[in-house]
Structure formats: structure tokens, C-alpha cells
Amino acid sequence: MGWFNYFKQSKPTSAKVAKERLQIVIAHERLDRNGPEYLPQLRRDIMEVIRKYVPISDEQVNVQFEKGADFDVLELNIALPDRDH
Amino acid sequence: MSRIVVVTSGKGGVGKTTTSAAFATGLAMRGYKTAVIDFDVGLRNLDLIMGCERRVVYDFVNVINNEASLNQALIRDKHVENLHILPASQTRDKDALTPEGVGRVMDDLHELGFDFIVCDSPAGIERGAHMAMYYADDAIVVTNPEVSSVRDSDRILGLLQSKTHRAERGESVREHLLITRYSPARVQAGEMLAMEDILEILAVPLIGVIPESQSVLQASNSGAPVILDKVSDAGQAYDDFVRRFLGETVPHRFLEVEKKGFFKKLFG
Ligand SMILES: Nc1ncnc2c1ncn2[C@@H]1O[C@H](COP(=O)(O)OP(=O)(O)OP(=O)(O)O)[C@@H](O)[C@H]1O
Ligand SMILES: [Mg+2]
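Rules used throughout
Sequence order as written defines the numbering, with residues in each chain counted from 1. Chain letters start at A and ligand numbers start at 1, both assigned in the order the entries are written. The predicted origin of the model limits local features to residues at a pLDDT of at least 70 and limits the giving and counting of side-chain atom pairs to 80 or more, whereas totals for whole chains, interfaces and linings rest on all residues. Neither water nor hydrogens contribute to the side-chain values; these are computed over all heavy atoms in the structure. UniProt positions are given in the numbering used here, feature names are shortened, and annotations may be inferred rather than shown by experiment. In this text, helices come from DSSP runs of H or I with a minimum length of four residues, and strands from runs of E with a minimum of two, each type numbered from the N-terminal end. Strand pairing is defined by DSSP finding a minimum of two bridges between the two strands. Should any heavy atoms of two residues lie within 4.5 Å, those residues are considered in contact. Here an axis means a line fitted to C-alpha atoms, over the contact stretch when the element is a helix, while the angle between two N-to-C directions is reported on a 0 to 180 degree scale. Near residues are defined by distance, with any heavy atom within 4 Å of the molecule or strand qualifying the residue. Here a polar contact is recorded for every N or O atom pair within 3.5 Å, except that within protein the pair must consist of a potential hydrogen donor and a potential acceptor, and residues adjacent in sequence are included only if both atoms are side-chain atoms. Computed by Shrake-Rupley with a 1.4 Å probe, the accessible areas treat only the displayed protein chains as cover when residues are assessed. Polarity classes work like this: nonpolar for Ala, Val, Leu, Ile, Met, Phe, Trp, Tyr, Cys and Pro, charged for Asp, Glu, Lys and Arg, and polar for all others, with Gly in that last group. Oblique is the label for any angle not covered by the other classes, which are roughly parallel (under 35 degrees), roughly antiparallel (over 145) and roughly perpendicular (65 to 115). For any pair of crossing helices, the crossing counts as left-handed if the nearer helix is rotated counterclockwise from the farther one by less than a right angle, and right-handed if it is rotated clockwise. When a residue's accessible area, from a 1.4 Å probe over protein chains only, is under 20% of the maximum for its type it is buried; when over 50% it is exposed; and in between it is partly exposed.

(A) Region of interest: the UniProt feature "domain: CobQ/CobB/MinD/ParA nucleotide binding" (unreviewed entry) in chain B. UniProt feature "domain: CobQ/CobB/MinD/ParA nucleotide binding" (unreviewed entry): in the numbering of this structure it lies at residues 5-226 of chain B. With 40% helix and 18% strand, residues 5-226 of chain B has end C-alpha atoms that lie 19 Å from one another.

Structure follows, in C-alpha cells:
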């Protein structure tokens, strides 16, 4: 890379954006794959229930399934909207 | 047993058939008796890339349906010895492929003494792709440095780990990542995912990187697999890949932009 490019690197390159997006979507799809078949529907149902009370977007709800030795864990993470909104 | 290798990707048009032709040719060049099977029923193309399209009489589905013997359907390659092609049917649909039928052909190929059976998978995750991977011992996952291809490769890895004969028996299919159509200049410009990024995301051992190359189109124009073009970058990269598959340690090439002059380096 020419050293002049160094000053142009304020914005992330499109390849970097691609990598980050891929990491997120693939992590999600792997969890779905390894989890029980009802997981996608469960996620949709949970979204619907929460939306009755607070407006949230898809990205704000994170349902994770983790296989343990003795039992499996279903982890639910909901980021509520900013307080001043 | 014959070693069965599927060339697969999920996404279409990433270079599976190009790779299957080069890989099978490279194995045969090293003296291994090799069969390459086109699983893309309805969209036969391997015959064109191998340059045997005018010698197709019977096909894979004919053999499965006992309408022809395996010996009648196998086409002897005209470029290298020890290589045989089993073309796909152009007229039937993918339902013609059954696990029993495909399994019988694999057993018969083994009986005939084949060392390697290369399965050129169709795109997608439907029956054709499933049947191509079902009996595999190894999988070459062909990926382009591009978001949808990488994502689809991950899908395919999931299927290799759950929907294959080996997976069903609690064993695993050996996975190898082959990155094709790689353009170091675009990677350097930040426009294309780098090899390291793809490796980090997919976490599958890398078996080769094939550069984007004009020689691939020329090879398909003439019906001679690109690995036979020994001066081309893609041909050499495919040859390195075959050697790695056979256990040799071969450094990766064609990953860097060709060296430019001092001024271009400074200002380019
Ligand atoms: N390394 C490369 N450099 C340049 N072009 C390439 C390269 N590899 C493949 N191609 C081109 O990409 C196109 C698709 O290749 P190919 O038919 O091998 O893909 P495929 O994965 O088998 O496609 P399909 O999913 O339709 O079966 C062809 O035109 C081929 O010439
Ligand atoms: Mg193909």
C-alpha cells in the first residue's frame, strides 16, 4: 500500500464492512443450526410479545441457544430503546 | 476403498465445475485412477469443460436406472490417462438421483479400481447438492471472496456436518477450503475480502487460493481443464492445490500484487 493511502483510511474499507456483516450473520445462522428447530419461531414470538409493550427492532433482541454438558441454556437479551426516546 | 471427494459451494457460478475438472485431471496426471461425476442433472456442463461433449452416449441417470452399464457410460478422457468422466443427464430432473442409486454407482466404481471419485455438485442445497455430498470422505468447499458466497459456504459446511453418510454414522467429512477468483489487487485496495478474513470467518483449513485469471475462460473455450495450461497462474495454483490434497507441503502463491516500481509503490 502506498503511504499516501495511510491518510485516506478514515472510512473503513468495503471489505472490512463485508467482514463484520458476515461475522454477525454467520454467528446467528450457526446458532440457529445447532439449536432446536423451534428457535426461529420462538424468536419471532418473543419479538411480538415485547412489541406489545415497547417498540424494538430485530437487532435489539438476541436469543442464544447454548449446548451444555448436563443441560442446554436459552439466553435472551433485549436491549431497550434509549431512555430519552 | 475409493476416496470420494465432493466439490461443493452452495452458491452458483463460483468455480465448482472448473475446480472439479482441474482437480480430477491433476489427480490422474499423478497416476491415480480417477472418475469425475457431474451431479448437475438437467444442466450438464462438466463434459464441455473436459472437452468430451461429443462423446456422451449414456449418462449417470442411465446407469442408476440400469439402462446402461457403468463401463458403457464412462468416457475416457482424451488429455490424460487414468481419467474417466461420468456425465450428467441433460433431460431428467434431480429426483432421478437416489441414495441407493448413487451408492451403487460408488460401489461399482470402487470395484473397477478407482482411487478417487470426484463429485461435481450443482449449486443450491437441494437434492442434487445433497446427493453429491452424501457419500463424501472429503469436501472441497469452493468460495469466492464475496459476502453471499462466504455465507453459502457456511451453510454447506453445516450440511456436511449433519446430512452426509459420515455424519449419520457419527464420523465427519474432511473439509478443505478453496478460495477461487481471488484478486490480490482488489484485496489490497480494500474492495475484496482477504484470504485471512475468509479463513477467520469459516474456520476451515485452507487448501488453495486460485487467482482470478483469463486462462480459465480460455481453458473452457477449448475444452481443456486449466491445470493443463502449465504456464498460467490459475493452472499452477490448481496444481499446487492437488499436491497439497495429496499431502505435500506447498507454499501458497499468487496472494500478493505483482511487485511494482518504486514510484508506483509510493504513490499507487
Ligand atoms: N479463477 C477464475 N478466474 C476467472 N474466471 C473463473 C475462475 N473460476 C471460474 N471462473 C469462471 O466462472 C464461471 C463459473 O465457473 P464454473 O462453471 O466452474 O462454476 P460452477 O460453480 O460450477 O457453476 P454452477 O453453480 O452453475 O455449476 C465460468 O465462466 C468460469 O469461466
Ligand atoms: Mg458447475
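(B) Representation of the sheet that holds strand β5 (residues 116-120) of chain B within the structure. Residue and element names in this part refer to chain B. Within the open sheet, the eight strands sit side by side as β3-β4-β2-β5-β1-β6-β7-β8. Their pairing is mixed. Looking along the sheet, the strands with just one partner apiece sit at the ends: β3 (75-76) and β8 (206-211). Pairing analysis gives four bridges linking strand β2 (residues 34-38) to strand β4 (residues 83-86), with the strands arranged parallel. Considered in β4, the bridge of Val-36 is made with Ile-85. Docked against the sheet, helix α1 (residues 16-29) engages β1 (3-8), β2, β4, β5, β6 (138-143) and β7 (174-182), running at close to 170° with respect to β5. In this fold helix α7 (residues 147-160) packs onto β1, β6 and β7, with an angle of close to 165° to the strand it touches most, β6.

(C) Representation of the site of ligand 1 in the model. Residue and element names in this part refer to chain B. As a structural note, the neighbourhood of ligand 1 is formed by 15 residues, with Gly-13, Lys-16, Thr-17, Thr-18 and Ser-213 the closest of them. Pro-211 is positioned with one of its backbone polar atoms (N or O) 3.0 Å from a nitrogen atom of ligand 1. When the free accessible area of ligand 1 is taken as 640 Å², the share hidden by the protein chains comes to 76%. Put simply, the parts of the chain that give the shell around ligand 1 at least two residues each are α1 and β8. No other element matches α1, which puts three residues into the shell around ligand 1. Looking at side-chain class alone, the shell around ligand 1 contains five nonpolar, six polar and four charged residues.

(D) Structural view of the packing of α1 of chain B against helix α12 (residues 233-245) of chain B. Residues and elements named next belong to chain B. Taken N-terminus to C-terminus, the directions of α1 and α12 make an angle of 60°; their axes are 9 Å apart at the nearest point. Taken together, the axes of α1 and α12 lie oblique to each other. The crossing of α1 and α12 is right-handed. Contacts from Thr-18, Thr-19, Ala-22, Phe-23, Gly-26, Leu-27 and Met-29 in α1 reach Tyr-238, Asp-239, Phe-241, Val-242 and Phe-245 in α12. When grouped by side-chain class, the residues that make up the contact of α1 with α12 number eight nonpolar, three polar and one charged.

(E) Broad picture of the UniProt feature "binding site: ATP" (unreviewed entry) in chain B. All names here are of chain B. When the UniProt feature table is mapped onto this chain, "binding site: ATP" (unreviewed entry) is found at Lys-11, Gly-12, Gly-13, Val-14, Gly-15, Lys-16, Thr-17 and Thr-18. With respect to the helices and strands, the residue Val-14 is situated in the loop between β1 and α1. By relative accessible area, Val-14 is classed as buried at 2%. If we ignore the near neighbours within four places in the chain, the residues touching Thr-18 are Val-216 and Tyr-238.

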